[in-house]
Amino acid sequence: MTTPTDLYPTRGTAEVSVPRKDPVVWGSPDAPGPIPATGLQSYERDGFLAVDQLISDDEVTVCRRELERLVADPEIRADERSIVEPQSKEIRSVFEVHKLSPVFAALVRDERVVGRARQILGSDVYVHQSRINVKPGFGAGGFYWHSDFETWHAEDGLPNMRTVSVSIALTENLDTNGGLMIMPGSHRTFLGCAGATPKDNYKKSLQMQDAGTPSDEALTAMAGDYGIKLFTGKAGSATWFDCNAMHGSGDNITPFPRSNVFIVFNSVENTAVEPFAAPIRRPEFIGARDFTPVI
Ligand SMILES: O=C(O)CCC(=O)C(=O)O
Ligand SMILES: [Fe+2]
């Protein structure tokens, strides 16, 4: 198979900024689905779409219990798919929850979830990555500013920006407990980061970003141009966001956990090739190589 042209060079000697070369909404604006036309328009403009209640309170209870079960299970803790906080040793993330758990598998297949992803990406979709980010409180670490696509392109080989994430709140996301922040409109520019990717980059980067990190100068300029929006919402609310949106979240020093499940859908017409800027592929629990569509 020939490698597609690299539309988004990154991890070179200098930071470079290039305009996005791909659509944001790939589906037709009047395609049927759970997102109204006005929602697709604002997603295209802002790079995100907030949904006040994606799942019901009862469904939240089931998902939350499942999260607690996973985090408490010693076998899960010992699994390479669990990432612990460097200081407290509490679980920070568990990857591939849609494979580990029937509850999260059903959530992925739910039409309110996968239907929205299909509408945005204009095709069938598969799960490139899923994870719970537990953020338990009392000092759980944040996620430094990044574009997911920068990493997925560099380290997982996704050729085009045809990928969308949903973050579903399983606890209330307050303005104090480390909620997701996005720079609205930032998805229309690709920031190629400076610095080569070390061989085992993913191990370190899951606890703390390094390669693939934007400079202070670039972040200052982008925050000046776009501003920063913080997403708050009840448990059961959700934020859909484009793969190239510049985003991050702060530490959670409150006693109130901020636990969200993230599902990343990629188009079946944008399947992973070899990494564009890394010596080796990341493991499949972080970047899927099984492109079976969600049905
Ligand atoms: O959990 C968060 O606040 C952000 C997580 C994130 O950006 C990621 O998992 O790529
Ligand atoms: Fe991210």
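The structure under discussion appears in the preceding block.
S.K.: Could you give an account of the coordination of the iron ion (ligand 2), naming the residues involved and the relevant values?
M.R.: Around the iron ion (ligand 2), the protein contributes the donor atoms His-146 (NE2), Asp-148 (OD) and His-247 (NE2), which lie 2.1 to 2.2 Å from the metal centre. For the iron ion (ligand 2), all donor residues lie on one chain, and their spacing in sequence is H-x1-D-x98-H.

S.K.: How would you explain the pairing of strand β7 (residues 163–169) if you had to name every residue and give the values?
M.R.: By the criterion of burial, β7 is predominantly enclosed, with seven of the seven residues buried. Alternating positions in β7 separate into two faces, Thr-163, Ser-165, Ser-167 and Ala-169 on one and Val-164, Val-166 and Ile-168 on the other, with burial throughout. With seven bridges joining them, β7 and strand β13 (residues 260–267) adopt antiparallel strand pairing. Bridge assignment links Ala-169 to a residue of β13, and that residue is Asn-260. Two elements, β7 and strand β11 (residues 238–242), share five bridges in a ladder whose sense is antiparallel.

S.K.: Go over the sheet that holds strand β12 (residues 246–249), please, and point to the residues and values.
M.R.: Across the sheet, four strands lie side by side as β6-β12-β8-β10; this open sheet has antiparallel pairing. Single-partner strands in this sheet number two, and they are β6 (143–147) and β10 (229–230). Taken together, the three bridges between strand β8 (residues 180–182) and β12 define a ladder with antiparallel strand orientation. What sits directly across from Leu-180, in β12, is Ser-249. On the sheet, helix α7 (residues 148–156) packs against β6 and β12 and is oriented at approximately 70 degrees with respect to β6.

S.K.: Go over the packing of aromatic side chains with me, naming the residues and quoting the values.
M.R.: All told, the structure shown has seven aromatic pairs when counted by the stated rule. On the numbers, 6.0 Å between centres and 65 degrees between planes, the contact of Phe-95 with Phe-285 is edge-to-face. With a gap of 190 residues between them, Phe-95 in strand β4 (residues 91–95) and Phe-285 in the segment after β13 connect regions that are remote in the sequence. For Phe-95, a relative accessible area of 0% corresponds to the buried category. Classification of Phe-285 by relative accessible area gives buried; the value is 7%. Ring centres of Phe-149 and Phe-190 lie 6.0 Å apart, and the angle between their planes is 80 degrees; this geometry places the pair in the edge-to-face category. Of this pair, Phe-149 sits in helix α7 while Phe-190 sits in strand β9 (residues 189–192), and the two are 41 residues apart along the sequence. Of the two residues, Phe-149 and Phe-190, neither departs from the other in class, the shared state being buried. The rings of Tyr-8, Phe-149 and Phe-190 are connected pair by pair, giving a single aromatic cluster. Looking at Arg-92, its charged tip hangs above the ring of Phe-143, at a distance of 4.2 Å from the centre.

What counts and what doesn't
- Along each chain, residues carry numbers from 1 onward, in the same order as the chain's sequence is written.
- By the order in which they are written, chains take letters starting at A while ligands take numbers starting at 1.
- At least 70 in pLDDT is required for a residue's local features to be given in this predicted model, at least 80 for side-chain atom pairs to be given and counted, and no such filter applies to totals for whole chains, interfaces and linings, which use all residues.
- Excluding hydrogens and water, the side-chain figures rest on all heavy atoms present in the structure.
- Coordination here is defined by N, O and S atoms within 2.8 Å of the metal (3.2 Å for Na, K and Ca), and since water is not considered, a site can look incomplete.
- When accessible area is computed with a 1.4 Å probe and restricted to protein chains, residues below 20% of their type maximum are described as buried, those above 50% as exposed, and intermediate ones as partly exposed.
- Under the scheme used here, helices are H or I runs from DSSP no shorter than 4 residues and strands are E runs no shorter than 2 residues, and both carry numbers assigned from the N terminus.
- Note: two strands are recorded as paired if DSSP finds a minimum of 2 bridges between them.
- Two residues form a contact once any of their heavy atoms are found within 4.5 Å.
- Note on method: axes are straight lines fitted to C-alpha atoms, helices fitted across the in-contact stretch only, with angles between N-to-C directions ranging 0 to 180 degrees.
- Each pair of aromatic rings taken from Phe, Tyr and Trp, with Trp reduced to its six-membered ring, is defined by centres within 6.5 Å and is described as stacked if the planes are under 30 degrees apart, edge-to-face if over 60, and tilted in the remaining cases.
- Consider the ring centre and the ring normal. A charge sits over the ring if Lys NZ or Arg CZ is within 6 Å of that centre and within 35 degrees of that normal.

Just distances and angles here, no functional claims.
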